[in-house]
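# Breakdown of the fold
The lines below spell out each chain.
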Amino acid sequence: EIADLAVGHIPEPDPFPPFWGQLARTGLALIAVENGDVSAATEQYDYLKERPLAMTPLNMVCSYRTLGLLAHTMGNMDQAAVHFEEAMAYCRHVAFRPELAWACYDYADMLNNRDAGGDRPAAIALLDESLAISSELGMRPLMERVLARKLEIQGVASADIRTSIDHVSSAVQT
């Protein structure tokens, strides 16, 4: 909320040089995604898709991943898939593994939501890749998200795991 209020609305024509405008719009885009704001996501998507930068300066967010997140928020799953594929290809090309791990996670999340034929195994494979990278790089918050999402996709509720562990533990103690 505070970030959204601080940034407010960027007037048209965009008064910022491309570098700063891209940075500001990426921030607004990520706020729209976090809030699930389809209208704001659409506005930022329309702006960012016309001004592609592979990597947003300073914050090191892959613009293709941002477009994928926005398209997912807007409900355009097929276009989101295209952008996530672009993000992963770019991140692999430049060996930017932290952003690749996030792109894999976000793509898997989109596939899980789309739930078309073949999406579930693809999502699990992407989560495996994200987990391997995030584990190697020590990206603990992402590791936790990936594990939770993977369990969800596999139909294992986290409460079931704790219940099972508690049940086994109490059985062993008696």
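Refer to the structure presented above.
Presented here is a report on the structure given in the accompanying data block. Everything numeric in this text was worked out from a predicted model, so none of it was measured.

## A closer look at the pattern of salt bridges
- One pass over the structure, following the stated rule, counts 12 salt bridges.
- Residue Arg65 pairs with Asp106 through a salt bridge whose shortest N-O separation is 2.5 Å. Highlighted residues: Arg65 in helix H4 (residues 63-74) and Asp106 in helix H6 (residues 97-114), separated in sequence by 41 residues. No difference in accessibility class separates Arg65 from Asp106, as the two residues are buried.
- Of the charged contacts in the structure, one is a salt bridge between Asp119 and Arg114, with a shortest N-O distance of 2.8 Å.
- Given the relative accessible area of 3%, Asp119 is considered buried.
- Owing to a relative accessible area of 28%, Arg114 belongs among the partly exposed residues under this scheme.
- Connected through shared salt-bridge partners, Arg65, Glu99 and Asp106 make up one network.

## Overview of the packing of H6 against helix H8 (residues 140-153)
- Where H6 meets H8, the axes come as close as 11 Å, and the angle between the chain directions of the two elements is 25 degrees. When the axes of H6 and H8 are compared, the pair comes out roughly parallel. Handedness of the crossing formed by H6 with H8: left-handed. Here H6 contributes Ala101, Trp102, Tyr105, Asp109 and Asn112 to the contact with H8, which in turn contributes Leu142, Arg145, Val146, Arg149, Glu152 and Ile153.
- For the contact of H6 with H8, the per-class residue count stands at 6 nonpolar, 1 polar and 4 charged.

Basis of the calculations
Note that residues are indexed from 1 along each chain, following the sequence as it is written. With pLDDT at 70 or above as the cut-off, local features in this predicted model cover only qualifying residues; side-chain atom pairs require 80 or more to be listed or tallied, and sums for whole chains, interfaces and linings still use all residues. Based on all heavy atoms of the structure, the side-chain values leave hydrogens and waters out of the count. Here, a salt bridge means any Lys or Arg side-chain nitrogen found within 4 Å of an Asp or Glu carboxyl oxygen. Helix and strand definitions follow DSSP, with helices as H or I runs of at least four residues and strands as E runs of at least two, each counted in order from the N terminus. Three exposure classes are used, based on accessible area relative to the maximum for each residue type with a 1.4 Å probe and protein chains only: buried under 20%, partly exposed in between, and exposed over 50%. As a rule, the C-alpha atoms of each element are fitted with a line to give its axis, helices using only the stretch in contact, and angles between N-to-C directions run from 0 to 180 degrees. Convention used here: angles under 35 degrees read as roughly parallel, angles over 145 as roughly antiparallel, angles from 65 to 115 as roughly perpendicular, and any remaining angle as oblique. Crossing handedness is defined as follows: a turn of the near helix away from the far one that is anticlockwise and smaller than a right angle gives a left-handed crossing, while the clockwise case is right-handed. The contact rule is simple, with two residues in contact once any of their heavy atoms fall within 4.5 Å. When residue character is reported, Ala, Val, Leu, Ile, Met, Phe, Trp, Tyr, Cys and Pro are called nonpolar, Asp, Glu, Lys and Arg charged, and the others, Gly included, polar.

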